[in-house]
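This is what each chain is made of:
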Amino acid sequence: MISSRYITIPIIFLLLCTQTLWAVERFPPPDFVETDHKLPSTDYITDVTPRLVLYEYIDVAVLAGTLSLASYLVLKNRSRRAIFALMIFSLLYFGFWRKGCICSIGSIQNLVLSVFSNSYVIPLTVLAFFILPLAFTLFFGRTFCAAVCPLGAIQDVVLLRQLVLPKWLESGLRLCAYLYLGAAVLFASTDSAFIICRYDPFVAFFRLTGRLNMMILGACLLVIGVFIGRPYCRFLCPYGVILRQFSRLSRWHATITPDECIKCRLCEDACPFNAINTPTAPWPASNYRKSKIAITSILIISPVIIFLAVLLGASISDSWSKMNPTVRLAERIYLENNGMVEGTINESVAFRSAGTPVSELYQQASIIKNQFKFGGRLLGGFIGFVISLMLINNSIQRRREDYQTDRAGCVSCGRCFQFCPKEQERLKKLKEQSA
Amino acid sequence: MERSEQDITRRKFLNRGFFGILGAGLAAIAVFFGKKKHNPKMVWQLDPQKCIACGNCATFCVLEESAVKCVHAYAMCGYCDLCTGFFEPKPRELDTGAENQLCPAGAIKRTFVEDPYYEYTIDEKLCIGCGKCVKGCNAFGNGSLFLQVRHNRCLNCNACSIAAACPSGAYKRVPADEPYIIKRVQHA
């Protein structure tokens, strides 16, 4: 025993020196002479296969089906109860059964990564999840939000009491969603992180497990959602930002009344999402002048707003680039190599054992940092542009004769239908016809 | 001036124009990305050659019991008596005492085959994917034990939390029809 130890220790020491070559066979595989023992096969590993691709296509089919049904229910059937039932189905299917992945909101990042990455190509099913809701919104309004999106559904079921926010606060908070969208695109395009998925507040509920901080955030949003309708959809959802623009131009859209508005004011407080536009009072001619001055001055200062936002974007880009693992690793290696920190972390150990030259790492990191510099400015410019547009939009005075849905903000939930006396009339007629 | 429904106002004209632009944009995205050569589905997997068995797989998975488990490439295994994947890899004090066993979950089964060979099998139900055995096997053995994402458990999250926490960049998306990266015998 002792002699063998004397031999093995130097051997092990030698082996330790060649850590990078650990795949080398140190101990030859055995020849079983006494027994005819067969080596077990590794097929047991590969026999456990992922969910069939067929099921992914089924998911897409369910998405298309629910979108069609939702559009029919919102535009033709006009039944809040049916919309609610479909919404619950989507919550169960896309939320609790499919565990929230893949979702249309997150698919933005897959698309962006697919544009910027050489190695990643977006799978067809994910592409369908991105495009289908947008296409439906372009024709029928945000029926996706109404009854298909599980994140919208989980917030919609907890909404009990509505607290109407002033319009200025509403648009101000909505800026968060634009920022979120911009940041998600920036981080996905640099292959740093999928922040929409990482900070998805409700996916932990769907999976019934998750990080504690996200659970707390989700719970907070749901508590807020009891009083303020769908806070994530209105103030954070990056996909909602895109849907808004599509919904503005939609060919058909949910209407409060089935035929003509009689301005009875009954629907005025029906919308928990601040998405009903009231008729405007006739205003004096001097208002036009005031409005023109306001718009002209916004147009004049908008380049200043955009410029300031670009500066702000440039100043944060450096700290944001630390979201990228390569940048983080390069900074750590730099600190370690220059004796500015003591010890190593897993990342630096892994990097050194891989044997990549440090200069290559630094070069990669500086490329990514430059991308962030450019992307940060672009993001800032985008936000400045959005702020200017919001200001202009809020200062344009539009003449409205009747109560209308605000096409961008309306999620087609159908809550307002029942408040319209014309709708009641229609239902009565339908009943008579069927009787 | 009276306007009938058919008249195209400036607003309507602009609306229709933008409608067309957005519609065409969507179609362009669909065609451009739909035409690319791609796999219908990608799944997460870790490259065992890059893995440093840091233990993050056990703790960062969104599942309470990680989707990552240890698997065994038997063809690479030396069937050692004193397996450093099974026992604490401290060669000086190594003995087969139960207190020296490495696996915190008792998921490795050690079976006598013939003198001096022992076979090591992983009970996946017990394995927590901590990679302690992988580290030990890599350090002093043949490296036949390695971690893999088990696809009966993996939820295939769009943004894998383990991938985000992996210090060596071992995680990548692989085509679903080839979902494993199996270690094979390498000759130096």
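Conventions adopted
- Sequence order as written defines residue numbering, which begins from 1 separately in each chain.
- All chains are assigned letters beginning with A, and all ligands numbers beginning with 1, in the order in which they are written.
- Per-residue local features of the predicted model are confined to residues with pLDDT of at least 70, and side-chain atom pairs are confined, for both listing and counting, to 80 or more; whole-chain, interface and lining totals are unaffected and use all residues.
- A run of DSSP states H or I qualifies as a helix once it reaches four residues; a run of E qualifies as a strand once it reaches two. Both are numbered from the N-terminal end.
- Each radius of gyration is computed over the set of C-alpha atoms, and the globule rule expresses the reference value as 2.2 Å times the number of residues to the power 0.38.
- In this scheme every C-beta is placed from the backbone, and a residue whose C-beta has 20 or more other C-beta atoms within 10 Å is buried, one with 12 or fewer is exposed, and one in between is partly exposed.
- Here the contact rule is simple: place C-beta atoms from the backbone, and any two residues whose C-beta atoms are within 7 Å are in contact.
- The source of the domain bounds is an automatic or database domain assignment.
- To get an axis, a line is fitted to the C-alpha atoms, and for a helix only the part in contact is used. The angle between two axes follows their N-to-C directions and goes from 0 to 180 degrees.
- Every angle not falling under 35 degrees, over 145, or within 65 to 115 is termed oblique; those three ranges are roughly parallel, roughly antiparallel and roughly perpendicular.
- Should the near helix be turned anticlockwise from the far one by less than a right angle, the crossing is left-handed, and should it be turned clockwise, the crossing is right-handed.
- Asp, Glu, Lys and Arg are counted as charged, while Ala, Val, Leu, Ile, Met, Phe, Trp, Tyr, Cys and Pro are counted as nonpolar; the rest, among them Gly, fall into the polar class.
- For two strands to pair, DSSP has to find at least two bridges joining them.
- The span one expects for a helix is its residue count, reduced by one, times 1.5 Å.
- A set of buried residues qualifies as a nonpolar core if it consists of Ala, Val, Leu, Ile, Met, Phe, Trp, Tyr and Cys joined through C-beta atoms within 7 Å.
- Per-residue confidence from the prediction method is given by pLDDT, with values spanning 0 to 100.

**A short note on the overall build of chain B**
Part 1: A count of helices and strands for chain B gives four helices and six strands.
Part 2: Along chain B, helices (α) and strands (β) appear in the sequence α-β-α-β-β-β-α-β-α-β when read from the amino end.
Part 3: Computed over C-alpha atoms, the radius of gyration of chain B comes to 27 Å, more than 25% over the 16 Å expected from 2.2 N^0.38 for 188 residues, which places it beyond the range of a compact globule.
Part 4: Summarising its shape, the C-alpha atoms of chain B cover approximately 100 × 35 × 25 Å along the three principal directions.

**Some thoughts on the overall build of chain A**
Part 1: What chain A contains, in helices and strands, is 19 helices and two strands.
Part 2: The globule rule puts the C-alpha radius of gyration for 435 residues at 22 Å, and the 29 Å found for chain A is more than 25% above it.
Part 3: Along the three orthogonal principal directions, the C-alpha set of chain A runs to about 105 × 60 × 35 Å.
Part 4: For chain A, the residues scored as buried account for 38% of the 435 residues in total.
Part 5: Pairs at least 24 apart in sequence give 83% of the contacts found in chain A among residues at least 6 apart.

**Here's the deal with the domain arrangement of chain B**
Quoted interface sizes are often the accessible area lost when the parts come together.
Part 1: Annotation of chain B at the domain level lists domain 1 (8-36) and domain 2 (42-175).
Part 2: The C-alpha-based centres of domain 1 of chain B and domain 2 of chain B are spaced at 52 Å.

**A look at the packing of helix α16 (residues 325-337) of chain A against helix α18 (residues 358-395) of chain A**
Geometrically, a packed helix pair is captured by the angle between its two axes and the distance between the axes.
All names here are of chain A.
Part 1: Across the interface, α16 lies against α18 with an axial gap of 9 Å and an inter-helix angle of 135°. Judged by the inter-axis angle, α16 sits oblique to α18. In the crossing of α16 with α18, the sense of the turn from one axis to the other is left-handed. Counted together, Thr-326, Val-327, Leu-329, Ala-330, Ile-333 and Asn-337 of α16 and Val-358, Leu-361, Tyr-362, Gln-364, Ala-365, Ile-368 and Lys-369 of α18 form the full contact between these two elements.
Part 2: Across the contact of α16 with α18, the residue classes tally to nine nonpolar, three polar and one charged.

**Some thoughts on the packing of helix α4 (residues 80-97) of chain A against helix α8 (residues 150-158) of chain A**
Residues and elements named next belong to chain A.
Part 1: Relative orientation of the contacting elements α4 and α8 amounts to 130°, with a least axis distance of 8 Å. Taken together, the axes of α4 and α8 are oblique relative to one another. Our pair here, α4 against α8, has a crossing hand that is left-handed. Note on element contacts: α8 touches α4 through Pro-150, Ala-153, Ile-154 and Asp-156, opposite Met-87, Ile-88, Ser-90, Leu-91, Phe-94 and Gly-95.
Part 2: Here the residues of the contact of α4 with α8 sort into seven nonpolar, two polar and one charged.

**Remarks on the pairing of strand β5 (residues 145-149) of chain B**
Residues and elements named next belong to chain B.
Part 1: Counted residue by residue, β5 has five buried out of five residues, so it is predominantly covered.
Part 2: Where burial is concerned, the two faces of β5 agree: the one with Leu-145, Leu-147 and Val-149 and the one with Phe-146 and Gln-148 are both buried.
Part 3: Of the strand pairs in this sheet, strand β2 (residues 68-72) and β5 are connected by five bridges, and their pairing is antiparallel. Along β5, the bridge assignment pairs Cys-70 with Leu-147.

**Notes on helix α3 (residues 53-77) of chain A**
Residues and elements named next belong to chain A.
Part 1: The terminal C-alpha atoms of α3 lie 34 Å apart, and with 25 residues this matches the ideal 36 Å at 1.5 Å per residue to within 8%.
Part 2: Buried within α3 are the following residues: Glu-56, Leu-63, Thr-66, Leu-67, Ala-70, Ser-71, Leu-73 and Val-74.
Part 3: Tucked inside the fold, the buried residues of α3 contact α4, α6 (124-140) and α7 (143-147).
Part 4: Trailing α3 by a residue or two, Arg-78 shows a phi angle of about 50°, which is positive.

**Observations regarding the interface of chain B and chain A**
Part 1: Listed as interface residues are 60 residues of chain B and, on the opposing side, 61 residues of chain A.
Part 2: Of all the elements in the fold, those that place two or more residues in the side of chain B that touches chain A are α1 (10-35), β1 (42-46), β3 (108-114) and α3 (132-140) of chain B.
Part 3: The element that contributes the greatest number of residues to the side of chain B that touches chain A is α1(B), accounting for ten residues.
Part 4: Class assignment for the residues of the side of chain B that touches chain A results in 36 nonpolar, 18 polar and six charged.

**Focus on the domain arrangement of chain A**
Part 1: Segmenting chain A into domains produces domain 1 (55-253 + 407-429) and domain 2 (286-395).
Part 2: The centre of domain 1 of chain A, based on its C-alpha atoms, is set 27 Å off from the matching centre of domain 2 of chain A.

**Concerning the nonpolar core**
Soluble, globular proteins show a tendency: their nonpolar side chains are buried together.
Part 1: Core analysis: the biggest nonpolar cluster contains 153 residues, and Ala70(A), Ile83(A), Ala146(A), Ala184(A) and Leu147(B) have the highest contact counts within it.
Part 2: Ranked by residues supplied to this core, first place goes to α6(A) with eleven residues.
Part 3: Discounting residues that sit within four places of it in the chain, Ile83(A) has contacts with Ala70(A), Leu73(A), Val74(A), Ala146(A), Ala147(A), Cys413(A) and Gly414(A).

**Observations regarding unusual backbone geometry**
Both trends apply: most residues other than glycine have a negative phi, and most peptide bonds are in trans.
Part 1: Cis geometry marks the peptide bond from Cys101(A) to Ile102(A), where omega comes out at 0°.
Part 2: Along the chain, Ile102(A) falls in the loop between α4 and α5 (104-116).
Part 3: Cis geometry is adopted by the peptide bond preceding Pro116(B), which originates at Asp115(B) and carries an omega value of -5°.
Part 4: Tracing the backbone through its elements, the reader meets Pro116(B) in the loop between β3 and β4 (117-122).
Part 5: We note that Arg78(A) has phi near 50°; this positive angle belongs to a residue other than glycine.
Part 6: Positionally, Arg78(A) belongs in the loop between α3 and α4.

**Structural notes on α8(A)**
All names here are of chain A.
Part 1: Within α8, seven of the nine residues are buried, leaving the element largely enclosed by the surrounding structure.
Part 2: For α8, every residue scored as buried is listed here: Pro-150, Leu-151, Gly-152, Ala-153, Ile-154, Gln-155 and Asp-156.
Part 3: Those residues of α8 that are buried lie in contact with α4, α5, α7, α11 (203-207), α12 (212-227) and α13 (231-235).

**Quick word on the environment of Thr255(A)**
Part 1: Structurally, the position occupied by Thr255(A) is in the loop between α14 (238-248) and β1 (276-277).
Part 2: Note on Thr255(A): 21 C-beta atoms within 10 Å, which makes it buried.

**Overview of the confidence of the model for chain B**
Part 1: The predicted model of chain B averages 88 in pLDDT, with 92% of residues at 70 or higher.
Part 2: With a pTM of 0.90, the predicted complex shows an ipTM of 0.87.

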